Amino acid sequence: MHIRVLGAAAGGGFPQWNCSCPNCWRLRLGQFAGQPRSQAQLAISADDVHWFLINASPDLRSQIDAFPPLHPLRLPLRNSPIAGIVLTSAEVDAALGLLLLREFQPLTVYATGAVRQILIEDNSLFEVLKRLPDQVHWVRLIPGVAFALGDHGLKCIPVSAASAFPGFVAPARAAQLVDSEAVLGFFFEHGGHRVAFFPGAPCIYPEWLDQMQTCDAIFFDGTFWSDDELIRLHGDGKTARQMGHHPVTETLTALSDLKARKIFIHINNTNPMLDEESDEYRTVRSAGWEIAFDGMDVVL
Ligand SMILES: [Zn+2]
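Residues numbered from 1 in each chain as written. Predicted model: local features only at pLDDT ≥ 70, side-chain atom pairs only at ≥ 80, totals over all residues. Heavy atoms only, no water.

## Comments concerning the overall build of the chain
Phase 1 of the analysis: Counting its secondary structure elements, the chain contains nine helices and 14 strands.
Phase 2 of the analysis: The buried share of the chain, taken over its 300 residues, is 52%.
Phase 3 of the analysis: Sequence-distant contacts, at least 24 apart, represent 68% of the contacts inside the chain between residues at least 6 apart.
Phase 4 of the analysis: Put simply, the chain shows about 13,500 Å² of open surface, and 54% of that area lies on carbon and sulfur atoms.
Phase 5 of the analysis: When the 23 basic and 33 acidic side-chain charges of the chain are each reduced to a single mean position, those positions are 4 Å apart. (Helix = DSSP H or I, 4+ residues; strand = E, 2+ residues; numbered from the N terminus. Buried < 20%, exposed > 50% of the residue type's maximum accessible area, 1.4 Å probe, protein only. Contact = heavy atoms within 4.5 Å. Areas by Shrake-Rupley, 256 points an atom, 1.4 Å probe, with all protein chains shown as cover. Lys, Arg positive; Asp, Glu negative; His and termini not counted. Charge placed at Lys NZ, Arg CZ, Asp CG, Glu CD.)

## A look at the side chain of Q41
Phase 1 of the analysis: With respect to the element layout, Q41 can be found in strand β2 (residues 41-45).
Phase 2 of the analysis: Among all residues touching Q41, those that are not within four sequence positions of it are R4, V5, L6, G7, L53, I54, N55, A56, S57, L60 and Q63.

## Points about the nonpolar core
Phase 1 of the analysis: Counting 70 residues, the largest nonpolar core has L98, L119 and F220 as its most contacted members.
Phase 2 of the analysis: Looking at this core, the element that brings in the most residues is helix α4 (residues 113-121), giving five residues.
Phase 3 of the analysis: Here L98 is in contact with A56, I85, L87, V109, L119, F126, L129 and W138, once residues within four sequence places are set aside.
Phase 4 of the analysis: Counting residues in each nonpolar core, the second largest holds 27 residues, with M1, V86, Y110 and A217 among its members. (Core = buried A, V, L, I, M, F, W, Y, C linked by side-chain atoms within 4.5 Å.)

## Notes on the coordination of the zinc ion
Geometrically, a metal with four donors at the corners of a regular tetrahedron has ideal angles of 109.5 degrees, and one with six donors at the corners of a regular octahedron has ideal angles of 90 or 180 degrees.
Phase 1 of the analysis: Here the zinc ion is held by the protein donor atoms C19 (SG), C21 (SG), C24 (SG) and N269 (OD1), which lie 2.2 to 2.3 Å from it.
Phase 2 of the analysis: Coordination at the zinc ion comes from four donor atoms whose angles at the metal span 103 to 120°, giving a geometry best classed as tetrahedral.
Phase 3 of the analysis: Counting gaps between the donor residues of the zinc ion yields the pattern C-x1-C-x2-C-x244-N. Placement of the pair is C19 in the loop between β1 (2-7) and α1 (22-29) and N269 in the loop between β12 (261-265) and α9 (279-286), with a sequence separation of 250 residues. One exposure class covers both C19 and N269, and it is buried. (Donors = N, O, S within 2.8 Å, 3.2 Å for Na, K, Ca; no water. Tetrahedral: all angles 85-135°; square planar, octahedral: opposite > 155°, others 65-115°.)

## Details of the layout of surface pockets
Over the atoms, a rolling probe the size of a water molecule traces out where space has been left empty.
Phase 1 of the analysis: In this structure, the largest pocket encloses a volume near 890 Å³.
Phase 2 of the analysis: As for the largest pocket, its lining consists of 43 residues, of which E91, D93, M243, H245 and H266 are closest to the centre.
Phase 3 of the analysis: For the lining of the largest pocket, the secondary structure elements donating two or more residues are α3 (92-95) and α7 (229-234).
Phase 4 of the analysis: No other element matches α7, which puts three residues into the lining of the largest pocket.
Phase 5 of the analysis: Looking at side-chain class alone, the lining of the largest pocket contains 19 nonpolar, 20 polar and four charged residues.
Phase 6 of the analysis: There is about 520 Å³ of room inside the second largest pocket.
Phase 7 of the analysis: Lining of the second largest pocket is provided by 16 residues; of these, I64, N79, S80, L101 and E103 occupy positions nearest its centre.
Phase 8 of the analysis: Ranked by the residues each element gives to the lining of the second largest pocket, the list is headed by helix α2 (residues 60-65), at three residues.
Phase 9 of the analysis: For the lining of the second largest pocket, the class distribution of residues is eight nonpolar, four polar and four charged. (1 Å grid on protein atoms, 1.4 Å probe; cavity = no way out; pocket = protein on both sides within 12 Å on 5 of 7 lines; lining within 4 Å. Points joined across faces, edges and corners; volume = space filled by probe spheres on them. Nonpolar A, V, L, I, M, F, W, Y, C, P; charged D, E, K, R; others polar.)

## What to know about the sheet that holds strand β13 (residues 289-291)
Strands pair in a sheet through their backbones, by hydrogen bonds, and they do so in one of two ways: parallel or antiparallel.
Phase 1 of the analysis: Pairing is mixed across the open sheet formed by seven strands, whose spatial order is β7-β8-β9-β10-β11-β12-β13. Where the open sheet ends on each side, the last strands, each with one partner, are β7 (147-148) and β13.
Phase 2 of the analysis: Contacting β12 and β13, α9 runs over the sheet at an angle of about 130° to β13. (Pairing = 2+ DSSP bridges. Axes fitted to C-alpha atoms, helices over the stretch in contact; angles between N-to-C directions.)

## Some points on empty space enclosed by the protein
Phase 1 of the analysis: Per the counting criterion, the structure on display carries one cavity of 30 Å³ or more.
Phase 2 of the analysis: In this structure, the largest cavity spans a volume of roughly 40 Å³.
Phase 3 of the analysis: Around the largest cavity, the lining residues are A46, D47, H50, F52, L149, G150, H152 and L154.
Phase 4 of the analysis: Residues that form the lining of the largest cavity fall into these classes: four nonpolar, three polar and one charged.

## Looking at the pattern of salt bridges
Phase 1 of the analysis: Taken as a whole and assessed by the stated rule, the structure comprises 14 salt bridges.
Phase 2 of the analysis: Among the salt bridges present, the one from D297 reaches R4, with a minimum N-O distance of 3.0 Å. Of the two residues, D297 sits in strand β14 (residues 297-299) while R4 sits in strand β1, which places them 293 residues apart along the sequence.
Phase 3 of the analysis: Across the pair E189 and R194 runs a salt bridge, and its minimum N-O distance is 2.7 Å. (Salt bridge = Lys/Arg side-chain N within 4 Å of Asp/Glu carboxyl O.)

## Observations concerning unusual backbone geometry
Phase 1 of the analysis: The peptide bond linking F14 to P15 adopts the cis configuration, its omega dihedral lying at 0°.
Phase 2 of the analysis: Position of P15 relative to the elements: it lies in the loop between β1 and α1.
Phase 3 of the analysis: Between L75 and P76 the backbone carries a cis peptide bond, its omega angle lying at -5°.
Phase 4 of the analysis: Within the secondary structure layout, P76 lies in the loop between α2 and β4 (82-86).
Phase 5 of the analysis: Even without a glycine there, the phi angle at N55 is positive, about 75°.
Phase 6 of the analysis: Residue placement: N55 occurs in the loop between β3 (51-54) and α2.
Phase 7 of the analysis: With a phi close to 60°, H266 is a non-glycine residue in the positive phi region.

Shape descriptors only; they carry no functional weight alone.
Here is the structure:
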């Protein structure tokens with residue numbers, strides 16, 4: 001199983017176009033000990049030939065371009081090694097990239113019923129994915145029900161990770177949808193190996209810990225360092241948990257007993273651990289965690 005991190009940042013990327021937080025400001029000045037990151041995006045393959053995208057980030061076009069195994073073959077004229085896309089949620093940073101794949105390439109998109117409804121029933125822009133009858137085939141994900149990703153033994157187990165729908169979904173619409181289908185995490189299995197991917201999770205449930213004990217690698221929500229990170233910066237606003245993210249400081253404790261390779265992903269540009277000269281960076285690294293970056297590989 002080969003997992004490639006095509007992007008490691010939270011929504012907005014790093015630096016974010018309209019942000020002058022200490023991280024973004026210093027990065028632009030060339031005075032930051034750390035690297036820029038595009039918005040969180042994984043690609044996964046069981047055979048290094050057929051690939052699945054995990055989410056479809058707003059940076060997807062350049063992310064595909066930067067990773068040659070995702071390029072088309074010389075012939076036929078139109079083709080792609082990308083066999084399908086698996087969505088964790090209907091958030092902009094998880095799903096906008098679907099629109100960048102509108103060039104009539106047959107694709108399979110795996111999403112919960114709620115995510116599919118939000119995207120294609122409530123947004124006429126997504127009609128661009130329905131211009132040919134066989135353009136996009138939607139497969140419905142049900143939390144807790146495992147499914148095969150392609151024909152090469154790659155298995156995916158979706159898990160309900162949070163119950164809040166994106167802020168752009170009208171409350172009346174959200175009330176019609178199934179809460180457990182709002183945000184997913186995934187376990188991927190192949191050849192006796194197991195990887196967890198939870199880029200957005202406000203809580204850590206005991207049953208996840210049991211399943212994570214047998215993982216070789218865990219990608220977990222690294223959005224915010226502390227619960228009040230954005231409130232400290234802006235003077236008001238929501239906590240990390242209210243935005244659907246478990247603070248890194250508490251994750252370090254909650255997942256400390258796991259033997260797996262542990263990697264924070266979906267890192268917000270305000271997170272002080274991005275600065276490799278910071279105390280926060282040293283704390284994370286000395287606790288045995290890694291911080292995902294664009295171009296990181298996990299091969300099992
Ligand atoms: Zn910033």
